[in-house]
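Notes for the structure review
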Amino acid sequence: MAKQFSPDIHPIRFLGQFEIGDNDGLDHYIWNIQGPLHELQGELHWHAYDLCRFHQIMYGDLTKRALHVDAEHKRFSDALEEQREKVSDDDREGFLVYESRMNSSFMDKDLEHARVKHFADEFSVIGLWATAERYLGKVYANIVATQTTVTVASVTRPYRWNDFQSQFLTLGIDLAALNGYPDADECRVLNNTIKHGDFVDQRLAQFTFFSSHGGVQLTKVDFEMQRYLTGVFNFCGALIEAGNILLDPNFER
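1. A word on the side chain of D185
Tracing the sequence through the fold places D185 in helix α4 (residues 181–196). Side chain to side chain, D185 and R188 meet in a polar contact 2.9 Å long. With near-sequence residues (within four places) excluded, D185 lies in contact with W161 and F207.

2. Some remarks on the packing of helix α2 (residues 89–148) against α4
Helix packing for two helices is described by the angle between their axes and how far apart those axes are. Two elements in contact, α2 and α4, have axes whose closest approach is 9 Å; the angle formed by their N-to-C orientations is 125°. As far as their axial angle goes, α4 and α2 are oblique. For the element pair α2 and α4, the recorded crossing hand is left-handed. Facing E122, V125, I126, L128 and W129 of α2, the residues of α4 in contact are A184, C187, R188, L190, N191, I194 and K195. Taken together, the residues of the contact of α2 with α4 sort by class into eight nonpolar, one polar and three charged.

3. Observations concerning the packing of aromatic side chains
The relative placement of two aromatic rings is captured by the distance of their centres and the angle of their planes. Per the counting criterion, the structure on display carries twelve aromatic pairs. Between F14 and F233 the ring centres are 5.0 Å apart and the planes differ by 90°, which places this aromatic pair in the edge-to-face class. Separated by 219 residues along the polypeptide, F14 in the segment before α1 (38–84) and F233 in helix α6 (residues 225–247) bring together distant segments of the chain. F14 sits in the buried class, given a relative accessible area of 0%. In this structure F233 comes out as buried when scored by relative accessible area, which is 2%. Judged by centre distance (6.3 Å) and plane angle (50°), the ring pair of Y181 and F235 falls under tilted. One end of the pair, Y181, is in helix α4; the other, F235, is in helix α6, with 54 residues separating them in the sequence. Of the two residues, Y181 and F235, both sit in the buried class. Clustering of aromatic rings is evident, with ring pairs tying together F14, W46, Y49 and F233.

4. What to know about the environment of H196
You can see H196 is positioned in helix α4. Separated by 82 residues in sequence, H196 and A114 place their C-alpha atoms 21 Å apart.

5. Digging into the side chain of Q56
Turning to its location among the elements, Q56 is positioned in helix α1. Setting aside chain neighbours within four positions, we find Q56 in contact with P11, I12, R13, F14 and Q17.

6. Re the pattern of salt bridges
Opposite charge on two side chains allows them to pair when their charged atoms are near. Summed over all chains, the structure comprises 14 salt bridges. Residue D183 pairs with R227 through a salt bridge whose shortest N-O separation is 2.8 Å. Residue D183 is located in helix α4, and its partner R227 is located in helix α6; the two are separated by 44 residues in the primary sequence. Salt bridges sharing common partners tie together D183, E186, E224 and R227.

7. Examining the state of the cysteines
Within this structure, the stated rule accounts for zero disulfides. No disulfide involves C236; its sulfur sits 9.9 Å from the nearest other cysteine sulfur, which is in C187.

8. Side note on empty space enclosed by the protein
Across all of its chains, the model carries one cavity of 30 Å³ or more by this definition. Taken as a whole, the largest cavity holds about 40 Å³ of empty space. If you trace the largest cavity, you find it lined by L44, H47, A48, L51, L128, T131, L229, V232 and F233. Listed by contribution, the elements that provide at least two residues to the lining of the largest cavity are α1, α2 and α6. No other element matches the four residues that α1 contributes to the lining of the largest cavity. Across the lining of the largest cavity, the residue classes break down as seven nonpolar, two polar and no charged.

9. Examining the nonpolar core
Among the nonpolar cores identified, the biggest contains 57 residues, and F168, L175, L190, F223, Y228 and F235 are the most heavily contacted of them. Of all the secondary structure elements, the ones that give two or more residues to this core are α1, α2, α3 (161–171), α4 and α6. Each residue touching Y228, except ones within four places of it in the same chain, is listed here: V125, L128, D183, E186, C187, L190, F209, F210 and F223. In terms of nonpolar packing, the next biggest core, distinct from the first, is built from six residues, L80, V87, F95 and F106 among them.

10. A few points about α2
The end-to-end C-alpha separation of α2 is 89 Å, in line with the 88 Å expected for 60 residues at 1.5 Å each. Of the residues flanking the end of α2, it is T149, one or two places downstream, whose phi is positive at about 55°.

Conventions and cut-offs
Residues numbered from 1 in each chain as written. Predicted model: local features only at pLDDT ≥ 70, side-chain atom pairs only at ≥ 80, totals over all residues. Heavy atoms only, no water. Helix = DSSP H or I, 4+ residues; strand = E, 2+ residues; numbered from the N terminus. Polar contact = N/O pair within 3.5 Å; in protein donor to acceptor, adjacent residues only side chain to side chain. Contact = heavy atoms within 4.5 Å. Axes fitted to C-alpha atoms, helices over the stretch in contact; angles between N-to-C directions. Parallel < 35°, antiparallel > 145°, perpendicular 65-115°, else oblique. Left-handed = near helix turned anticlockwise from the far one by under 90°. Nonpolar A, V, L, I, M, F, W, Y, C, P; charged D, E, K, R; others polar. Phe/Tyr/Trp six-rings, centres within 6.5 Å; stacked < 30°, edge-to-face > 60°. Buried < 20%, exposed > 50% of the residue type's maximum accessible area, 1.4 Å probe, protein only. Salt bridge = Lys/Arg side-chain N within 4 Å of Asp/Glu carboxyl O. Disulfide = S-S within 2.5 Å. 1 Å grid on protein atoms, 1.4 Å probe; cavity = no way out; pocket = protein on both sides within 12 Å on 5 of 7 lines; lining within 4 Å. Points joined across faces, edges and corners; volume = space filled by probe spheres on them. Core = buried A, V, L, I, M, F, W, Y, C linked by side-chain atoms within 4.5 Å. Expected span 1.5 Å × (residues − 1).

Okay, structure coming up:
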């Protein structure tokens, strides 16, 4: 039976979940807890961890279900082979119809697992960019509140990407220069495409990973989820670091 979901596909992982010496590019940004925005770094850390756990739980359940279906399919195939030579000519057509229908039911389960896997990936991409937007707003509001001695809640936060870019530039922070930006930006565009389109469009195809998938349905593409998690977390950590430096010239990594 052709596999649409393989237990060999791994969910996204966070700091402390990799083999020793391998963290797939994730920076811990632990030094940020020494700066004025220290609370935001702690919040970001556990927010990202919980998002990874969501993805891991979904993949863990899918793996169990896929292995169960494979075992059931093997039992069915073995039993079928035992009966195949015993089937009379009069019953052979019915036997073949039964075999075909059962195999179709197993394939349907396999396809279901693939759909749910992609569903988990899509929602995790959306969650990752929502995380970026959340901390873009939090960092901006905390910087402005500190500089102007107003409450954080009273600061009007940008919510459009272009506004984030321009508003942070007025503070002296270039978002495009931050660590993790290229992968975070790709996650942003993929997020928008998931929510507003079905295919790899021209904007998405400008990124190297999607350049060979132009016009392809998003459901046919396996996203590089770990790269997006790494990019978004590093980007947010670098943003908090930039805010710490802006608010405290003596801040050091």
